[in-house]
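# Summary of structural features
Residue-level listing of the chains:
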Amino acid sequence: MYDHIIVRYGEIALKGKNRKGFINSLKKRVKKVTSEFENIIVTQSFDRMVIKLNGQDPEPILVKLKTVFGIHKLSVAVKAELDLEDIKEKSLTLMRNQQTEGIKTFKVTVKRPNKQFPHRSQDMNREIGGYVLRNTENLTVDVHHPDRELRVEVKNDGAFISCDHSEGAGGLPTNQDNKVMLMLSGGIDSPVAGYLTMKRGVKIEAVHFHSPPFTSERSRQKVEDLTRVLARYGGDIRLHIVPFTNTQKTIHNEMPDNYSMTIMRRMMMRITERIAEQTGALAITTGESLGQVASQTIQSMNTINEVTNYPVLRPLISMDKVDIMNISREINTYDISIRPYEDCCTVFLPEAPKTRPKREHANKFEQYLPIDELVEEAVSGVETIVIKENEDDFADLL
Ligand code: ATP
Ligand code: MG
C-alpha cells in the first residue's frame, strides 16, 4: 500500500548556514545504505527527504535507515493527487488497513504548506475524518490520545498521507573529515562509546590491543565482529590491531605490581596517540565510566591522561552500567561483547591495583621502562584491517 518513506531530520534543522553540508552528508549515507534497492528514488528538501519506493517493500529499507545518524523520524506514506477526493479515498484505505492491526481510535492532522490548494486545513480535518468514520465500523475519533494520528501534508507535488511513524537513530550525519580513534576492547562499554561518538557526526577508526598467546584468536575475532556491527552505523572502519604482549610482559616483570595497571594504561594511551597522529584522528574515545573499576577513578584518569594531550572523549562517563548495557542491546553489540574470551587487560591484572595512583609515582617507575622502544615496537607491528560495512548481513535485525 505504501509508496513513499518520509525521512525527517532532527537537529540538522537547527544548523543554519551549515545545513546544506549536513543534508548532503545525510543524503550520501542514505543512498549508500539503500544502494541495493535499485528502483527507489531519493529526493531532499530543506526539511526532509522523500524516498519513492517504486514498488519496493518499505520494511527492509526502514531497517537500514534506522542505522543512519541524522534521521529523527521515519514515516511510511501514501501519496495522493492534489485532489480532496483522492486524499479522502486514500486516507480511508490507510485507516482500514490500520484496523486490521487492532487500531480503534484516530485523529486527523492536516498541514498545508501548499497554499495554492484551495481547502483549508481545518476544513480538511473534518472532511477527511468524517469520510473515514462514515465508511468504517468500530472506529472513533479521539483528539487527545488517539491510537493513530493520520497526518496529511499537502505539498506542491502532492499530498502525503501517513500514520505509521518510527524513531530514527538521531544525532548528526557523519562528516568524513572529523576522525576519532576509538580504543576498542572486547567488552560491553567501548563499542557503546564508539556508537555514541559516531552519533555526533564523526568518523571512527578503532585500535585494539592484543596479547597473543595470552589472548586468543577468538578474542580478536570478537573485536572484528564488534567493529562490523559499528560499521553498520558509520560505514567502513579501519581496525588497528596492536601487538601488546611484549609491553605487558615488560611491565609485569619490571614495574611494581600495584602500579602495573596504571602504567599499562599509560602505554596504551601513548601508542593510541601515535596511531591517531599517523591516521589523522584528532581525539581518542574510551569506554570509561567514572568509578566503575580501579582504572576509572578520577585519580586514575588524572594519572593515565597525563601522557597524552589529545582530547580524550568519554561518552559513558556519567552513565550507570545498566544504561550502558541497554544501549548495547539496542545497537546489537551486547551478544558479541558477552562472549567469554579474555581481554589483554585482565590477563596481567594485578591482585590489588592502585585506585588512587599518583602522577609522580608513575613517572618515577617509568624511568626504568624503555618507553620509546616499546611504543616504537608496538606501532611498527600494527596490523590494520578494513572492516567493510557490506560484509554485514544484518541477519539479527531482519
Ligand atoms: P570495556 O567494557 O570497554 O572493556 P571496561 O569496563 O572493561 O571497558 P577497562 O577494562 O578499564 O573497562 O577499560 C577501559 C577502556 O580502555 C575501555 O572501555 C577501552 O576503551 C579501553 N581498553 C581496554 N582494553 C582495551 C584493549 N584491549 N584494546 C583497546 N582498548 C582497550
Ligand atoms: Mg574491558
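Residues numbered from 1 in each chain as written. Chains lettered and ligands numbered in written order. Predicted model: local features only at pLDDT ≥ 70, side-chain atom pairs only at ≥ 80, totals over all residues. Heavy atoms only, no water.

### Description of the packing of helix H5 (residues 189–199) against helix H10 (residues 321–330)
When two helices pack together, their arrangement is given by the angle between the helix axes and the distance between those axes. As a packed pair, H5 and H10 sit with axes 9 Å apart at the nearest point and diverge in direction by 70°. On the basis of their axis angle, the class for H5 and H10 is roughly perpendicular. Handedness of the crossing formed by H5 with H10: left-handed. Only Lys-321, Ile-324, Ile-327 and Ser-328 of H10 make contact with H5, whose side of the interface consists of Asp-189, Val-192, Tyr-195 and Leu-196. Residue classes in the contact of H5 with H10 are distributed as five nonpolar, one polar and two charged. (Axes fitted to C-alpha atoms, helices over the stretch in contact; angles between N-to-C directions. Helix = DSSP H or I, 4+ residues; strand = E, 2+ residues; numbered from the N terminus. Parallel < 35°, antiparallel > 145°, perpendicular 65-115°, else oblique. Left-handed = near helix turned anticlockwise from the far one by under 90°. Contact = heavy atoms within 4.5 Å. Nonpolar A, V, L, I, M, F, W, Y, C, P; charged D, E, K, R; others polar.)

### Remarks on the layout of surface pockets
A volume near 490 Å³ is recorded for the second largest pocket. Lining the second largest pocket are 25 residues, with Lys-66, Thr-67, Glu-167, Gly-168 and Ala-169 sitting closest to its centre. Listing elements by their share of the lining of the second largest pocket, those giving two or more residues are helix H2 (58–65), strand S4 (71–80), strand S8 (158–167), H5 and H10. The residue inventory of the lining of the second largest pocket, partitioned by class, reads 13 nonpolar, six polar and six charged. Counting residues domain by domain, the lining of the second largest pocket receives three or more from each of domain 1 (4–167) and domain 2 (175–397). (1 Å grid on protein atoms, 1.4 Å probe; cavity = no way out; pocket = protein on both sides within 12 Å on 5 of 7 lines; lining within 4 Å. Points joined across faces, edges and corners; volume = space filled by probe spheres on them. Domains from an automatic or database assignment.)

### Here's the deal with the pairing of strand S7 (residues 148–155)
The two faces of the sheet receive side chains in turn, since in a regular strand these alternate between them. Extensive coverage of S7 is indicated by the burial of seven of its eight residues. With six bridges joining them, strand S5 (residues 105–111) and S7 adopt parallel strand pairing. Across the sheet, Val-110 pairs through a bridge with Val-152, a residue of S7. Of the strand pairs in this sheet, S7 and S8 are connected by five bridges, and their pairing is antiparallel. Paired with Val-152 across the strands is Ile-161, a residue of S8. The loop that links S7 with its antiparallel partner S8 comprises two residues. (Buried < 20%, exposed > 50% of the residue type's maximum accessible area, 1.4 Å probe, protein only. Pairing = 2+ DSSP bridges.)

### A few points about unusual backbone geometry
Residue Pro-212 is joined to Pro-213 through a cis peptide bond whose omega torsion reads 0°. Tracing the backbone through its elements, the reader meets Pro-213 in the loop between strand S10 (200–210) and helix H6 (217–234). In the Ramachandran plot, Asn-332 falls in the positive-phi region, its phi being about 70° despite a non-glycine side chain. Tracing the backbone through its elements, the reader meets Asn-332 in the loop between H10 and helix H11 (334–337).

### A look at empty space enclosed by the protein
Under the criterion given, the structure shown has one cavity of 30 Å³ or more. Of the volumes computed, that of the largest cavity is approximately 50 Å³. Lining the largest cavity are ten residues, with Gln-248, Ile-251, Ser-260, Met-264 and Phe-348 sitting closest to its centre. When residues of the lining of the largest cavity are traced back to their parent elements, those giving at least two are helix H7 (245–254) and helix H8 (257–279). Looking at the lining of the largest cavity residue by residue, the class counts come to seven nonpolar, three polar and no charged.

### A closer look at the site of ligand 1
Among the 22 residues in the neighbourhood of ligand 1, the closest are listed as Met-183, Ser-185, Asp-189, Ser-190 and Arg-265. Here an oxygen atom of ligand 1 sits 2.4 Å away from a polar atom, N or O, in the side chain of Ser-185. In the model, an oxygen atom of ligand 1 is placed 2.8 Å from a nitrogen or oxygen of the Arg-265 side chain. Summarising the interface, the protein chains cover 90% of the accessible area of ligand 1, which totals 570 Å² for the free molecule. At the level of secondary structure, the elements contributing two or more residues to the shell around ligand 1 comprise H5, S10, H8 and helix H12 (344–347). Broken down by element, the shell around ligand 1 gets its largest block of residues, three residues, from S10. (Near = heavy atom within 4 Å. Polar contact = N/O pair within 3.5 Å; in protein donor to acceptor, adjacent residues only side chain to side chain. Areas by Shrake-Rupley, 256 points an atom, 1.4 Å probe, with all protein chains shown as cover.)

### Focus: the nonpolar core
Of all hydrophobic cores here, the largest spans 42 residues; its most connected members are Ile-5 and Leu-65. In terms of residues, this core owes the most to one element, S4, which gives five residues. The contact partners of Ile-5, leaving out residues within four places of it in the chain, are Met-49, Val-50, Ile-51, Leu-53, Pro-58, Ile-61, Leu-62, Leu-65, Leu-74, Ser-75 and Val-76. Counting 31 residues, the second largest nonpolar core, distinct from the first, contains Met-267, Ile-304, Leu-374 and Val-379. (Core = buried A, V, L, I, M, F, W, Y, C linked by side-chain atoms within 4.5 Å.)

### Focus: the pairing of strand S1 (residues 4–9)
Summarising burial for S1: six of the six residues are buried, a large majority. Alternating positions in S1 separate into two faces, His-4, Ile-6 and Arg-8 on one and Ile-5, Val-7 and Tyr-9 on the other, with burial throughout. Examined bridge by bridge, S1 and strand S3 (residues 48–52) share five bridges and lie antiparallel to one another. The residue of S3 that forms the bridge with Arg-8 is Arg-48. For S1 and S4, the ladder comprises six bridges, and the chain directions are antiparallel. Counterpart to Ile-5 in the pairing with S4 is Val-76.

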